[in-house]
Structures are given as C-alpha cells and as structure tokens.
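Residue-level structure breakdown
Here is what each chain is made of, one letter per residue.
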Amino acid sequence: MEKRRVVITGMGAVSPIGRNTRELWTAIRNHKCGVDRITLFDPSSSPVQIAAEVKNFNPSDHGISPKKAYRMGRFTQFLLAASNEAVRDANLDGDILASDKTGVIAGSAIGGMDVIDQSFNYYVESGKRKISPFDVARLIPNESAANVSMELGITGCAWVVSSACASGTDSVGLAFKAIRYGDLDVCLAGGSESCITDYVVKGFASMRALTTCYNNCPQKASRPFDRDRSGFVMGEGGAVLVLEELEHAKARGARIYAELAGYGASADAYHITSPRPNGTVCARAVRQALQEAGVSAESVDYYNAHGTSTVMNDSTESKMLLDVFGDHARTKMKISSTKGMTGHCIGAAGTLEAIISAMAIYDSYYPANINCDNQDENCDINLVDGLGFSGNIDCAVSASLGFGGHNGVLVLKKYRGD
C-alpha cells in the first residue's frame, strides 16, 4: 500500500506559559517558566505546593460559552479551546470539518479528575445525597473528543487514547497512521489534562514522583537532567495539531509548518511506574519512528526529550539516546526537555512538545533546557544550554515515556515544498 505523506497545517495550544500557540512559542524563545505556587486549591496541607497551572483561563475567550463550559470538565475546555485555535490557524472550512474523511483523536491520561475531586467532596458533605446530573458526562475521558466533535461537526471519528504520559504523542501517532494509509485526509490530533487537584497532587507526592524540594523557589523546581533533580512538576493544558494529507493540503493552498514523517511505539512490559532501566524497549520505538520516516539517526538535528526531571526517567532516557544515536547524542544532536518551562502536562505533554518541535523546525530555533545547572554524569548527552539558540533544523524527534511503560515517538521534518 502506498504511504501518503502527512503534514502539519494548524496548531492550537493552552499551556502554563501561553494561552495560544504564539504566546507559547514566544515564552519558549524567552525561556519563560510557568511553575508557581498552586492557586487551584489550598496547598498548605500538601508536601507539594507548586505546579504549572494555566493561569487566568476563561473559556469565553476561546469561543466557549459559559453554559457549554459548565457542562465540560476543565480538560475538555482546554482541548476545545486548542481545537478552535488550530482550526482557525489551518483555515479549515465547514465542508472539510464535516467530511467523513476528517476526524479527531485526543489523548488524556486521567480525564476529569478535577470533577471527581470536587463532586465527591460535595457528595460526602451532603450526606451522600446530592450528585449533579452533569458529573459523569464531565469526568469521562471520551467527553473531550466528543465535545470537539459536536462543536466542530466532525463525524469521521472521535477517539480518545489513554496511555499515561504518552497519550498526547500516541494520539498524534494514530492520526498520522490513519491519514498515511487513507482512512482520513484531515485529523485534529491532540491531548489535554487538568489534574492539579488536592487528591491527585498528594497521590503523586505519596509515590515520590513529584519534587518537594522547591516550594520556596518554584521556577527552579523542574530541572531535567540536572544532578539535583528530585521529581517532576505537575502541569496542565491542551494542545492540538491539524494533520493533513500533503496533496489535500496543497490543493487548498494551506500553510505547512512541518512534515510528520514517522511514528513508533513500544511497551516496556516492566513496571507500572518505572521505565525499563536500560532503555532498550524505548529505543525500539525510536528506531521504528526513524525507519518509518526514512531518516538515519545521524540526520536528526534536535531531540525534544520526555525529560521529566525524575531520577529514573532522565537517566533511562539518556541511556536510550546513547543506544540509538551513539556519539551523535553526545556531540552533534541537540537535546532539550521543555518541561523545565511547562512542567509535565501529562496527557497534553506529547502534543504540546510536538507543537514545540514543529515550531523549532519552522522558526529555526533550538529550545533551551533550563535549570540544568550541573548536568548529571549519568546523563551524558548534548544538552542545549539554558538560553537556547537559533539554527537550522531539518529533522526533529519528540518522545514520550509514560507510566506503565508506554513509549511513543514522533519524527518531524522540514517541509521544502517538494
């Protein structure tokens, strides 16, 4: 079967460092950090009092009426806001959206946890008598893609992927495959998450996954590959890419940001929260993606790392990079984790980082790896410094390594009009 080419023609983002893609990219170029003291709940009783929140988010600013917003979880509001921006950016009209060859695929690791947290507290406080009729519809993970489908009139498909921190990457990968092999011509592919709640933060803290060492200096807390990293910082947000078959995009004169050329996936089959320490199974996903894209390891200019700022992830990912790329990962390929700026946005992370990678190619800029003051000797890779720099990028890789051993990898290439 002929493999069709897939390009990125639109992007939308709601993140801790920007409420649209332009704000996000400006913040990346200025190495702005979105980590601060938690405001979504009172964190005073928690060992973790910081997170990367989407501040001052008003659904009305993103074309979502108060009545509709009330009936959606916050994670769905994020996804719909990002979808609305991506559709405008791609200049998709109603006929394209209504085509049976247009779909939406969204990723979420947790779903409406904020709804569960608030609603269950209300249920208990009411003597287990009061439950809102909207609760179930706001908390189930599929309601994000369902609401985007209903609001935009997308009838081709509306799927949700849940593969922990790889959810956003896998949603893009599945959309890529659907277009590549002819099931779809256009797909909104994204991820969203909103789980900065008292219960979730304390739950992750009890696992010792979140850092507890930087409550008094939040912007230093997320420090991928640094010797003194001690856990990740919870983030939230939504991100959406418009993926399109190349000839379909060219026929309507669409702007093309980059070509999505490859996707690979694997499962560690090792542990529910820890990655396989030697990184060999994750390496398989990277090699699959490179093979699909038809590019060699030595031709990759930039790698956007999962880089969570946990001891296990960063060292394992570094081993994987040396396995796949060898000395190229030590000397030439530039590597950074943008989670130092955004925090870890869980189900939104992979799509958000795919957008950052696409913009890095489009704008010829290598994003910074901030807060790495003393690079861990067990992370012997070529990190971009804390300032970032301008430079041509022909090929970029973005990877996500989720709890449960879910590994998803994307390969993006500069589109040259061929």
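Computed from a prediction, not measured in an experiment: that's the story for all the values here.

**Points about the overall build of the chain**
- When its secondary structure is counted, the chain shows 15 helices and 14 strands.
- By the compact-globule yardstick of 22 Å for 418 residues, the chain fits well, its C-alpha radius of gyration being 20 Å.
- Reported as C-alpha extents along the three principal axes, the dimensions of the chain are approximately 60 × 55 × 40 Å.
- Burial statistics for the chain: of 418 residues in total, 61% are counted as buried.
- Within the structure as shown, the chain displays about 15,800 Å² of accessible surface, and the carbon and sulfur contribution to it stands at 49%.
- Counting 41 positive and 46 negative side-chain charges, the chain places the centres of these two groups 2 Å from one another.

**Notes on the pairing of strand E6 (residues 186-193)**
- Of all eight residues making up E6, eight are buried, and the element is well covered by its neighbours.
- Here E6 shows no split at all, with Val186, Leu188, Gly190 and Ser192 on one side and Cys187, Ala189, Gly191 and Glu193 on the other all buried.
- Bridging between strand E4 (residues 102-107) and E6 involves six bridges; their strand directions are parallel. Residue pairing for E6: Thr102 is matched across the bridge by Val186.
- Where E6 meets strand E7 (residues 237-245), eight bridges bridge the pair, whose relative direction is antiparallel. Bridging across to E7, Cys187 finds its partner in Leu243.

**Quick look at the packing of helix H11 (residues 280-293) against helix H12 (residues 311-325)**
- Running from N to C, H11 and H12 cross one another at 45°; their axes reach a closest spacing of 9 Å. Put simply, H11 runs oblique to H12. Note that H11 runs across H12; the crossing there is right-handed. From H11, Thr280, Cys282, Ala283, Val286, Arg287 and Leu290 reach across to H12, where they touch Met320, Asp323, Val324 and Phe325.
- Residues that form the contact of H11 with H12 fall into these classes: seven nonpolar, one polar and two charged.

**As for the sheet that holds strand E13 (residues 395-402)**
- Here we have 10 strands laid out as an open sheet, ordered E5-E4-E6-E7-E1-E8-E14-E13-E9-E10, and mixed in their pairing. Looking at strand neighbours, the two that pair on one side only are strand E5 (158-161) and strand E10 (334-336), the edges of this open sheet. Ignoring which end each strand starts from, the neighbouring axes of this sheet average 25° apart.
- Packed on one face of the sheet, helix H15 (residues 349-363) meets strand E1 (6-14), E6, E7, strand E8 (258-267), strand E9 (302-304), E13 and strand E14 (406-413) and runs near 60° to E7.

**Examining the packing of aromatic side chains**
- Within this structure, the stated rule accounts for eight aromatic pairs.
- Taking 6.4 Å as the distance between ring centres and 65° as the angle between the ring planes, the aromatic pair formed by Tyr303 and Phe325 counts as edge-to-face. Taken together, the positions of Tyr303 in strand E9 and Phe325 in helix H12 put the pair 22 residues apart, joining distant regions of the chain.
- Counting every residue linked through ring pairs, the aromatic cluster contains Phe204, Phe232 and Phe403.

**Considering helix H3 (residues 74-90)**
- Between its first and last C-alpha, H3 extends 24 Å over 17 residues, near the 24 Å set by a 1.5 Å rise per residue.
- With 15 of its 17 residues buried, H3 lies for the most part within the structure.
- Looking one or two residues past H3, Asn91 carries a phi angle of roughly 60°, positive in sign.

**Some remarks on the pattern of salt bridges**
- Under the counting rule described, the total for this entry stands at 23 salt bridges.
- Linking Lys68 and Glu151 is a salt bridge whose minimum nitrogen-to-oxygen distance equals 3.1 Å. Placement of the pair is Lys68 in helix H2 (residues 66-70) and Glu151 in helix H7 (residues 143-152), with a sequence separation of 83 residues.
- On the accessibility criterion, Lys68 (39% relative accessible area) is partly exposed.
- For Glu151, a relative accessible area of 32% gives the class partly exposed.
- With a closest N to O distance of 2.8 Å, Glu353 and Lys339 form a salt bridge. Here Glu353, found in helix H15, pairs with Lys339, found in helix H14 (residues 339-342); they are 14 residues apart in sequence, far enough to count as distant. With respect to class, Glu353 is no different from Lys339; both count as buried.
- Members of the salt-bridge network, linked through shared partners, are Lys3, Lys177, Arg180 and Glu292.

The rules we used
Residues numbered from 1 in each chain as written. Predicted model: local features only at pLDDT ≥ 70, side-chain atom pairs only at ≥ 80, totals over all residues. Heavy atoms only, no water. Helix = DSSP H or I, 4+ residues; strand = E, 2+ residues; numbered from the N terminus. Rg over C-alpha atoms; globule rule 2.2 N^0.38 Å. Buried < 20%, exposed > 50% of the residue type's maximum accessible area, 1.4 Å probe, protein only. Areas by Shrake-Rupley, 256 points an atom, 1.4 Å probe, with all protein chains shown as cover. Lys, Arg positive; Asp, Glu negative; His and termini not counted. Charge placed at Lys NZ, Arg CZ, Asp CG, Glu CD. Pairing = 2+ DSSP bridges. Axes fitted to C-alpha atoms, helices over the stretch in contact; angles between N-to-C directions. Parallel < 35°, antiparallel > 145°, perpendicular 65-115°, else oblique. Left-handed = near helix turned anticlockwise from the far one by under 90°. Contact = heavy atoms within 4.5 Å. Nonpolar A, V, L, I, M, F, W, Y, C, P; charged D, E, K, R; others polar. Phe/Tyr/Trp six-rings, centres within 6.5 Å; stacked < 30°, edge-to-face > 60°. Expected span 1.5 Å × (residues − 1). Salt bridge = Lys/Arg side-chain N within 4 Å of Asp/Glu carboxyl O.

Scope: geometric values only; no functional claims are made or implied.
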